[in-house]
Amino acid sequence: SPSRTLLTEHKKDIDDAIFSDLHRSTSSDVDFVLSEVETTLKKMDEWTAPRKIAVSGPQLCADSDSLYIIPEPLGVVLIISPWNFPLYASAPIVQALAAGNTVILKPSELVPTFSSVFAKLAAKYFDEKEFAVVEGGVTETTELLKERFDHILYTGSPPVAKIIMAAVAKHLTPVTLELGGKNPVFVDESADLDIFTQGIVFAKLLNAGQICVCVDYIVTTPSMKPKIIDALSSAFDALGDMSNVKENARIVNDRHFQRLINLLQKSKGKVVYKAGGEISAADKFIPVHLIDVDADDEFMKEEIFGPLLPILTVPSFDAAIDYIKRNEKPLSAYLYTSNEEQTARFIKETSNGGVTVNGVMVHAFAPGAPFGGVGNSGMGRLNGKYSFDTFTHEKPVCLRAGIDYKH
């Protein structure tokens, strides 16, 4: 497999390129994509095989008719990947190619080192008629979208997703959109705060919180708020100066750094905790901040995508559910609790891409589970076989008068 060879022989080149762009060293995009390659290679014959199904119904004759579902590729697939996990989020290339499609990847221009390295590797290991990488920014993407594709996968923000949908409507091109949103975590009185702080520290260190499934804000009750602030303060204090913590990534570029600083400046909320280390524009470093906010604060208007974490106080679990339901459907929602009744209600009464209870982001990385949003957080689903199905048309075929399908 050229995919396997490319990734195994050039793991260090790709990891180094991503570190150069994001200062992220703890999780390797290559490891995840290699596991996707291995699983797909093992399952490919099974996934691509025609499936014979039972003949029934008044129009069909069981003795002389046969029915098949035949998976076939959609054609030419465009994958527009994001900057935060540039290879990880491009992993559906693997299943798109396995399904028999040809694929064009457009990496984000915000990770220029990765984009350049991966484009050269793709050209070395693949025939460009099978798989090609197109580098560039808005101009190049706009030109690509004028072409007719058979499916487009875009990972990014809702505003850009709307532009893409409008551009491809003239060709009736189907899209899979992996977007984001304001992912809440509700912490109730019965929550284990040790488990909670572990989850938040992990989420805000990994890529400096620049993850579509990261916790965007905490929602809790007045009695729990001071306990949460104390617990998180102790956990982050234990790390010391966050700019020296190996696991801690940097903000991707100056524009996003300034966007986060502007949020801090515009907010009417109170910074109740700041982790170790000083804000540095040169290093694109911002330590974790906890900000006590009201529902109409600047922090509650858009996805934050960084190490800033607002805390919203509500009177009760019911009020938290109401607040979450009033807003756009997020990609993920989280709950820390020991209460099984509230767990059941949270799962049933909130609509989102996925839920983890007493953890953060775990459902999104679970093998065998679909990953995708709903409403404003996206459409369609990916991960393993779900990705294969996204790029496949299952064609029903009926053969009559005793003829069968030799395959």
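Residues numbered from 1 in each chain as written. Predicted model: local features only at pLDDT ≥ 70, side-chain atom pairs only at ≥ 80, totals over all residues. Heavy atoms only, no water.

1. Examining the pairing of strand 7 (residues 175-178)
One face of the sheet, then the other: side chains in a regular strand alternate in exactly this way. Formally: Between buried and exposed lies partly exposed: a residue is buried under 20% and exposed over 50% of the maximum accessible area for its type, with that area taken using a 1.4 Å probe on protein chains only. Here a helix means four or more residues in a row that DSSP labels H or I, a strand means two or more in a row labelled E, and each is numbered from the N terminus. DSSP bridges decide pairing: two strands pair if at least two such bridges lie between them. Handedness is read with the strands pointing away from the viewer; a crossover is right-handed when the path from the first strand over the helix to the second is clockwise.
Side chains Val175 and Leu177 of strand 7 all project onto a buried face; the interleaved residues Thr176 and Glu178 project onto the opposite face, where all are buried too. Sheet topology places strand 6 (residues 151-155) next to strand 7; 4 bridges connect them, and they run parallel. In the sheet register, Tyr154 faces strand 7, and the bridge partner there is Leu177. In this fold, strand 6 hands off to helix 7 (residues 158-168), which returns the chain to strand 7; that crossover is right-handed.

2. A short note on the layout of surface pockets
Over the atoms, a rolled probe matching the size of one water molecule traces out where space is still vacant. The line we're drawing: Note on definitions: the grid is 1 Å and covers protein atoms alone; a cavity is a set of points where a 1.4 Å probe fits but cannot get out; a pocket is an open set with protein on both sides within 12 Å along at least five of seven lines; lining residues have an atom within 4 Å of a point. Grid points are joined across faces, edges and corners, and a volume is the space filled by probe spheres set on the points. When residues are grouped by polarity, Ala, Val, Leu, Ile, Met, Phe, Trp, Tyr, Cys and Pro land in nonpolar, Asp, Glu, Lys and Arg in charged, and all others, Gly among them, in polar.
In this structure, the second largest pocket spans a volume of roughly 160 Å³. Taken together, Ser1, Pro2, Ser3, Val37, Thr40, Leu41, Met44, Val94, Leu97, Ala98 and Phe126 form the lining of the second largest pocket. Of all the secondary-structure elements, those providing two or more residues to the lining of the second largest pocket are helix 1 (2-9), helix 3 (29-48) and helix 4 (92-98). The element best represented in the lining of the second largest pocket is helix 3, accounting for 4 residues. Looking at side-chain class alone, the lining of the second largest pocket contains 8 nonpolar, 3 polar and no charged residues.

3. Focus: the sheet that holds strand 10 (residues 270-274)
Put simply, the test is: To get an axis, fit a line to the C-alpha atoms, keeping to the stretch in contact for a helix; angles then go from 0 to 180 degrees between the N-to-C directions. Contacts were defined at the residue level, with two residues in contact if any of their heavy atoms lie within 4.5 Å.
Read across the sheet, 7 strands follow the order 10-11-12-9-8-13-14 without closing on themselves; strand pairing throughout is mixed. Pairing within the sheet leaves two strands with one partner each, and these edge strands are strand 10 and strand 14 (355-357). Strand-to-strand twist across the sheet, computed as the mean angle between neighbouring axes with direction ignored, equals 20°. Judged from the 4 bridges that link them, strand 8 (residues 184-187) and strand 9 (residues 217-220) form a sheet pairing that is parallel. Note that in strand 9 the partner of Val185 across the bridge is Ile218. The strands that helix 12 (residues 340-349) touches are strand 8, strand 13 (333-336) and strand 14; relative to strand 13, the one it contacts most, it runs at about 175°.

4. Some remarks on the sheet that holds strand 2 (residues 66-73)
The strand order across the open sheet built from 3 strands is 1-2-16, with neighbouring strands paired in antiparallel fashion. Looking at which strands have only one partner, the edges of the open sheet turn out to be strand 1 (51-53) and strand 16 (392-399). Ignoring strand direction, the axes of neighbouring strands in this sheet form an average angle of 30°. Pairing of strand 2 with strand 16, which is carried by 8 bridges, proceeds in the antiparallel orientation.

5. Some points on the packing of helix 1 against helix 3
Our working rule: In this scheme, roughly parallel covers angles under 35 degrees and roughly antiparallel covers those over 145, while 65 to 115 is roughly perpendicular and the rest are oblique. Take the far helix as the reference: if the near one is turned anticlockwise from it by less than a right angle, the crossing is left-handed, and if turned clockwise, right-handed.
Between helix 1 and helix 3, the shortest axis-to-axis distance is 10 Å and the interhelical angle comes to 155°. With respect to each other, helix 1 and helix 3 are oriented roughly antiparallel. Crossing of helix 1 over helix 3 shows left-handed handedness. Where helix 1 approaches helix 3, its residues Ser3, Arg4, Leu7 and Thr8 are matched on the opposing element by Val30, Val33, Leu34, Val37, Glu38 and Leu41. Its residues assigned to classes, the contact of helix 1 with helix 3 comprises 6 nonpolar, 2 polar and 2 charged.

6. What to know about the UniProt feature "active site" (unreviewed entry) in the chain
To keep it simple, the criterion reads: UniProt positions are given in the numbering used here, feature names are shortened, and annotations may be inferred rather than shown by experiment.
Under the local residue numbering, the UniProt record ascribes the feature "active site" (unreviewed entry) to Glu178 and Cys212. Across 35 residues, the annotated set stays spatially compact, with a maximum C-alpha separation of 8.7 Å. Tracing the backbone through its elements, the reader meets Glu178 in strand 7. Those residues in contact with Glu178 that lie beyond four places of it in its chain are Leu153, Tyr154, Thr155, Gly156, Phe371, Gly372, Gly373, Ser377, Gly380, Arg381 and Leu382. Looking at Cys212, the relative accessible area reads 19%, which means it is buried. Those residues in contact with Cys212 that sit more than four places away from it in its chain are Asn84, Leu179, Gly180, Asn183, Glu303, Phe305, Leu331 and Phe371.

7. Here we look at unusual backbone geometry
Backbone geometry at Met361 places phi at a positive 70°, although glycine is not the residue there. In this structure Met361 comes out as buried when scored by relative accessible area, which is 0%. For Asn383, which is not a glycine, the phi torsion comes out positive at approximately 110°. Structurally, the position occupied by Asn383 is in the loop between strand 15 (378-379) and helix 13 (385-390). Judged by its relative accessible area of 13%, Asn383 falls in the buried class.

8. Describing the packing of helix 8 (residues 193-205) against helix 9 (residues 225-237)
At a closest axis distance of 10 Å, the pairing of helix 8 and helix 9 adopts a crossing angle of 55°. As summarised for this structure, helix 8 and helix 9 are arranged oblique, according to the angle between their axes. Crossing hand, helix 8 versus helix 9: right-handed. Contact with helix 8, carried on its side by Leu193, Phe196, Thr197, Ile200, Val201 and Lys204, involves Lys227, Ile228, Ala231, Leu232, Ala235 and Phe236 of helix 9 and no other residues of that element.

9. Some words on helix 11 (residues 317-326)
Basically, it comes down to this: Taken from the helix axis, the directions to the C-beta atoms give the arc we talk about.
When we look at burial in helix 11, the residues that qualify are Phe317, Ala320, Ile321, Tyr323 and Ile324. In a view along the axis of helix 11, the buried residues occupy a sector of 165°, so they form one face of it. Looking at the buried positions of helix 11, the neighbouring elements they touch are strand 8, strand 9, strand 12 (308-313), strand 13 and helix 12.

10. Here we look at the UniProt feature "domain: Aldehyde dehydrogenase" (unreviewed entry) in the chain
Following the UniProt record, one finds the feature "domain: Aldehyde dehydrogenase" (unreviewed entry) at residues 8-395. The distance from the first to the last C-alpha atom of residues 8-395 is 35 Å, and the span holds 36% helix and 18% strand.

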